[in-house]
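Inside the fold
Chain residues, written in single-letter form:
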Amino acid sequence: MSKRVLLIIGGGIAAYKSLELIRRLKERGLAVRVVMTEAAQRFVTTLAAGALVGEPVFTDLFDQAHEFDVGHIRLARECDLIIVAPATADLMAKRANGLANDLASAVLLATDKPVLMAPAMNPHMWSNAATRRNFATLQADGIRLIGPNAGEMAERGESGVGRMAEPEEIRDTAIAFLSDGPLKGKRALVTAGPTIEAIDPVRFLSNRSSGKQGYAIAAALAELGADVTLVSGPTNLAAPAGVTRVNVESARDMLEASEAALPLDVAVMVAAVADWRPTQEAQTKIKKDAAGIPAIALQENPDILATLSKPGKKRPKLVVGFAAETDHVEEHARAKIAKKGCDWIVANDVSGDVMGGAENAVILISKDKSEAWPRMAKEAVARKLAAEIAKSLGAKAPRK
Ligand code: C5P
């Protein structure tokens with residue numbers, strides 16, 4: 001039987017893109033049912049959405065005909081996934097606070113199915129402290145969020161973060177979510193890219209990590225059905241389909257975002273975290289001619305891998321670190337497992353052109369074994385590692 005999606009359309013200008021989303025979902029053989037809020041009906045008609053899904057759209061919590069026939073409880077349960085697109089600030093707030101005064105919010109409260117929200121709103125509404133709080137609550141409640149993206153707003157001349165994710169992105173995320181892969185239902189964290197550590201508002205310390213290997217691992221885990229959070233330092237890469245990306249800059253931000261992703265089944269720390277940061281971050285740009293050449297004192301950054309590896313109730317079942325070595329690769333990697341408390345180390349010899357390159361030759365090392373893999377594309381390393389992770393978490397063998 002085809003998988004069923006309940007699409008809740010909220011009241012925002014991005015609602016017109018939800019009509020496109022219906023088509024994109026149906027194209028992939030998904031059965032789609034639609035709920036529209038009252039505000040959504042100001043932007044697109046129930047007739048248009050109904051024509052695209054091929055059945056009437058649900059709008060009213062107190063509609064006798066529908067309540068006796070389908071009803072909000074059945075709407076909430078008779079699907080495999082609920083998508084809220086656009087998720088307005090109002091709908092996010094209602095769900096975060098448990099309000100249920102219309103059909104959309106009642107369905108969101110009554111459901112036991114996974115929920116994927118695609119927020120869309122004005123950038124000021126998005127950055128408002130109330131929306132930030134609601135966003136954090138929704139994440140903590142296990143709701144998946146995709147976007148919003150940066151770009152032009154509907155309001156003339158405004159731009160910023162607030163545009164709804166594109167219909168294809170939402171569809172791909174939904175399909176990854178609905179996949180029956182061996183990591184379905186498992187929560188994964190991947191850190192990737194460099195961190196940047198501010199010296200003053202315009203200068204920073206960083207490194208040359210491209211983020212490629214980490215992004216490929218996030219994509220490979222998502223392909224196997226995992227619910228993946230990718231905590232990424234600044235890179236030029238697009239977020240892989242089906243992955244929730246959290247953008248960070250400093251090591252401290254990366255640690256905070258990583259801890260916010262708990263509880264986890266697996267954490268794969270691929271980021272090239274800056275070892276040190278300036279002891280002080282100047283609040284204004286340091287003047288060139290002020291007092292000669294400044295001395296930048298450094299202090300150690302928190303170790304994210306070691307922090308997540310600490311024994312305790314919240315420790316992910318499997319913690320994987322990376323080690324870039326130039327000599328005595330295996331010996332150093334084993335020492336790192338002991339020092340950081342992680343389960344596996346993926347060690348690579350970076351004496352060649354691995355940093356920023358397309359290929360990687362790694363050794364997978366655990367406490368009791370080690371396995372050297374031939375040199376291969378970073379995507380292939382990622383898929384092989386994801387398969388090993390699935391095996392270790394007791395999942396069935398990945399489909400070919
Ligand atoms: O100690 P070293 O930097 O060689 O360890 C590399 C591993 O530790 C990588 O998995 C990296 O992502 C992780 N790491 C971390 N936080 C740090 C330093 C490294 O998570 N501050």
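An unreviewed UniProt entry lists the chain under the name Coenzyme A biosynthesis bifunctional protein CoaBC, with Candidatus Viadribacter manganicus as the source organism.

A tally of helices and strands in the chain yields 15 helices and 21 strands. Against the compact-globule benchmark of 21 Å for 400 residues, the chain has a radius of gyration of 23 Å, which places it among compact chains. Dimensions along the principal axes, computed over C-alpha positions, put the chain at roughly 70 × 60 × 35 Å. Of all 400 residues assigned to the chain, the portion counted as buried reaches 49%. Carbon and sulfur atoms make up 52% of the accessible area of the chain, which totals about 19400 Å².

So, about the pattern of salt bridges. Scanning all chains against the criterion turns up 29 salt bridges. Here Asp102 makes a salt bridge to Lys94, at a shortest N to O gap of 3.4 Å. Both residues of the pair, Asp102 and Lys94, count as buried. The salt bridge partner of Lys113 is Asp112, with a shortest N-O separation of 3.2 Å. Given the relative accessible area of 53%, Asp112 is considered exposed. Residues participating in the shared-partner salt-bridge network are Glu20, Arg23, Arg24, Glu27, Glu168, Arg171 and Asp172.

Moving on to the domain arrangement of the chain. Assigned domains within the chain: domain 1 (4–178) and domain 2 (187–392). One C-alpha centre belongs to domain 1, the other to domain 2, and the line joining them spans 33 Å. The interface is formed by six residues belonging to domain 1 together with eight residues belonging to domain 2. A buried area of about 580 Å², summed over both sides, lies between domain 1 and domain 2, and 42% of it is on carbon and sulfur atoms. Contact with domain 2 buries area across many residues of domain 1, yet Gln139, Arg144 and Ala176 alone supply 67% of it, more than any other trio.

With that settled, consider the site of the ligand. The environment of the ligand is made up of Met269, Val270, Ala271, Val273, Pro302, Asp303, Ile304, Leu305, Gly321, Phe322, Lys336 and Lys340. The separation between an oxygen atom of the ligand and a polar main-chain atom of Ala271 is 2.7 Å. Between the ligand and Phe322, the relevant distance is 2.7 Å, taken from an oxygen atom to a main-chain nitrogen or oxygen of the residue. In the complex, the protein chains occlude 84% of the 450 Å² of accessible area that the ligand would expose alone. Those elements that place two or more of their residues in the shell around the ligand are helix H13 (304–309), strand E16 (318–325) and helix H14 (329–340). Residue composition of the shell around the ligand, by class: eight nonpolar, one polar and three charged.

When you line up the elements, Asn134 lands in helix H9 (residues 129–140). In this structure, the C-alpha to C-alpha distance between Asn134 and Leu91, residues 43 residues apart in sequence, is 10 Å. In this structure Asn134 touches Met92, Ala93, Ala96 and Asn97, once residues within four positions along its chain are discounted.

The rules behind the values
Residues numbered from 1 in each chain as written. Predicted model: local features only at pLDDT ≥ 70, side-chain atom pairs only at ≥ 80, totals over all residues. Heavy atoms only, no water. Helix = DSSP H or I, 4+ residues; strand = E, 2+ residues; numbered from the N terminus. Rg over C-alpha atoms; globule rule 2.2 N^0.38 Å. Buried < 20%, exposed > 50% of the residue type's maximum accessible area, 1.4 Å probe, protein only. Areas by Shrake-Rupley, 256 points an atom, 1.4 Å probe, with all protein chains shown as cover. Salt bridge = Lys/Arg side-chain N within 4 Å of Asp/Glu carboxyl O. Domains from an automatic or database assignment. Contact = heavy atoms within 4.5 Å. Buried area = accessible area lost by both parts, 1.4 Å probe. Near = heavy atom within 4 Å. Polar contact = N/O pair within 3.5 Å; in protein donor to acceptor, adjacent residues only side chain to side chain. Nonpolar A, V, L, I, M, F, W, Y, C, P; charged D, E, K, R; others polar.

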